[in-house]
Amino acid sequence: TQSTWGFLIGQMGKETRPQVSMKNVKQYLVVGRAKPSDADSEPKIYRMRVFAPNTVVAKSRFWALMRKQKKIKHSHGELVGIHEIHESLGRSVKVYGLVIRYQSR
């Protein structure tokens, strides 16, 4: 029988995580803003590139980052658009930069 925590613990007690292959990850351009209100009739629009397996996860990651960085929750915001970015030359090597977020304490 498998316990409630069986999905986290693999063989010999090692912790396992779901395998995400780079083939399944796509790049999305998500655009959103806070809902217009009486105080701010034209809220600022934010655009973010998100790596996710599908549009649902891309939207979720967008709102998670907006909640942390700009203090805009999903309930007080609206999506303007979401577009998948396709690579024009998928077989060529490109130079990438990394952005690392961390909490110091």
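Per chain, the residues get numbers from 1 upward, laid out in the order the sequence is written. Only residues with pLDDT of at least 70 get local features here, since the model is predicted, and only at 80 or more are side-chain atom pairs given and counted; chain-wide, interface and lining totals rely on the full set of residues. Side-chain measures were taken over the full set of non-hydrogen atoms in the model, leaving aside hydrogen atoms and water.

(A) Structural view of the pattern of salt bridges. Throughout this description, the term salt bridge denotes a Lys or Arg side-chain nitrogen within 4 Å of a carboxyl oxygen of Asp or Glu. Per the counting criterion, the structure on display carries one salt bridge. Between E78 and R33 there is a salt bridge; the shortest N-O distance is 2.6 Å. In this pair, E78 sits in strand β3 (residues 77–85) while R33 sits in strand β1 (residues 26–34), placing the two residues 45 residues apart along the sequence. Only runs of H or I of at least four residues qualify as helices and only runs of E of at least two qualify as strands under DSSP, and these elements are numbered from the N terminus.

(B) Main features of the packing of aromatic side chains. The rule is short: rings of Phe, Tyr and Trp, with Trp giving its six-membered ring, pair when the centres are within 6.5 Å, and they are stacked under 30 degrees, edge-to-face over 60, tilted in between. Considering all chains together, one arrives at one aromatic pair under this definition. For the ring pair F62 and W63, a centre distance of 5.0 Å and an interplane angle of 70° mean the geometry is edge-to-face. Buried, partly exposed and exposed residues are distinguished by accessible area as a fraction of the type maximum, computed with a 1.4 Å probe on protein chains only: under 20%, between the cut-offs, and over 50%, respectively. Given a relative accessible area of 5%, W63 falls into the buried group.

(C) Spotlight on unusual backbone geometry. Even without being a glycine, K71 presents a positive backbone phi close to 60°. Tracing the chain through its elements places K71 in the loop between α1 (55–69) and β3.

(D) Inspection of a positive patch on the surface at higher detail. On the surface, R67, K68, K73 and R101 cluster together into a positively charged patch. Within the secondary structure, R67 sits in helix α1. Grouping into patches uses exposed residues only, defined as over 30% relative accessible area, and leaves out salt-bridged ones; the cut-off is 9 Å for like charges and 5 Å for nonpolar side chains (Val, Leu, Ile, Met, Phe, Trp, Tyr). A 1.4 Å probe and the Shrake-Rupley method give the accessible areas. Residues count as covered only by the protein chains that appear here. Charged-residue counts in this description rest on Lys and Arg as positive and Asp and Glu as negative, His and the chain ends being excluded. To locate a charge, the coordinates of NZ of Lys, CZ of Arg, CG of Asp or CD of Glu are taken.

(E) View of the pairing of β1. For β1, a buried count of seven out of nine residues is recorded, marking the element as mostly surrounded by other parts of the structure. A pair of strands is treated as paired once DSSP finds two or more bridges between them. Pairing of β1 with strand β2 (residues 45–52) involves eight bridges; the strand directions are antiparallel. The partner of L29 across the bridge, within β2, is R49. Pairing of β1 with β3 involves eight bridges; the strand directions are antiparallel. Residue pairing across strands places L29 opposite H83, the latter belonging to β3.

Interpretation note: all reported values are geometric properties and have no functional meaning in isolation.
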